[in-house]
Amino acid sequence: VKPICPFHQVFKSTYLFGAYSPINGDSMAAEMPACNAEMFQLFMDEFSKHLPDELKIIVLDNGPFHKAKSLQIPKNIQLLFLPPYSPELNPAEKIWAVLKRKFTNRIHFSLEEISSFINKESKTITKKMIQSICSFPYVFEGLDWTIYLTFIIGIKTSLDLPSVTKSTCPVS
């Protein structure tokens with residue numbers, strides 16, 4: 001038996017960029033009109049301004065726009081690329097899954113309605129929920145992560161940024 005669901009096929013898009021910390025539950029999201037290097041640069045620039053004295057590690061897939069040569073990575077951001085085809089390792093993907101679930105069986109007739117829906121639903125995700133949803137053992141226990149943070153702390157020291165601790169280092 002096939003379930004009958006509302007359906008409205010449209011080929012318009014909006015893109016949500018986000019960073020979610022499993023460590024302290026901090027988050028930042030931005031809706032963008034495109035998914036490309038220019039928009040990613042805008043997101044990183046804004047994210048860099050959020051708690052500017054804090055070192056931020058952004059966990060990313062290997063999307064081409066994440067590695068564009070035109071990107072200028074702010075000094076308080078480090079990019080950590082996941083192995084290919086492993087989105088399940090990205091804490092932010094868990095948040096996207098929560099938001100996508102809320103979209104199920106709903107019809108939105110405009111991008112404005114979608115934007116409003118995303119904005120409303122994003123506000124229901126608390127810091128505690130982010131910590132619970134995004135926590136992965138590798139964030140706190142993994143050897144590779146420890147090596148990476150040690151490397152980042154070395155970079156941080158040369159950039160004169162504050163120290164990295166579990167309570168101050170957001171990961172998305």
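Residues numbered from 1 in each chain as written. Predicted model: local features only at pLDDT ≥ 70, side-chain atom pairs only at ≥ 80, totals over all residues. Heavy atoms only, no water.

1. Structural notes on the confidence of the model for the protein
Then, number 1: Of the residues in the protein, 77% reach a pLDDT of 70 or more, and the chain-wide mean stands at 81.
Then, number 2: By mean pLDDT, helix α6 (residues 143-159) is the weakest element of the protein at 51, and helix α1 (residues 37-49) is the strongest at 97.
Then, number 3: Within the model, the stretch residues 155-172 combines pLDDT values under 50 with 48 contacts to residues more than four positions away or in other chains. (pLDDT = per-residue confidence, 0-100. Helix = DSSP H or I, 4+ residues; strand = E, 2+ residues; numbered from the N terminus. Contact = heavy atoms within 4.5 Å.)

2. Some details on the pattern of salt bridges
Then, number 1: Taken as a whole and assessed by the stated rule, the structure comprises five salt bridges.
Then, number 2: Between E54 and K56 there is a salt bridge; the shortest N-O distance is 3.5 Å.
Then, number 3: Given a relative accessible area of 11%, E54 falls into the buried group.
Then, number 4: A single network of salt bridges, built from pairs that share partners, joins K102, K120 and E121. (Salt bridge = Lys/Arg side-chain N within 4 Å of Asp/Glu carboxyl O. Buried < 20%, exposed > 50% of the residue type's maximum accessible area, 1.4 Å probe, protein only.)

3. Here's the deal with the nonpolar core
Then, number 1: Core analysis: the biggest nonpolar cluster contains 17 residues, and F17, F40, F43, M44, F47, I58 and L79 have the highest contact counts within it.
Then, number 2: Among the secondary structure elements, those contributing two or more residues to this core are β1 (15-20), β2 (27-32), α1, β3 (56-60) and β4 (77-81).
Then, number 3: Residue contributions to this core peak at six residues, all from α1.
Then, number 4: Among all residues touching M44, those that are not within four sequence positions of it are I58, L71, Q72, I73, P74, I77 and L79.
Then, number 5: Membership of the second largest hydrophobic core comes to nine residues, among which are A92, W96, V98 and C134. (Core = buried A, V, L, I, M, F, W, Y, C linked by side-chain atoms within 4.5 Å.)

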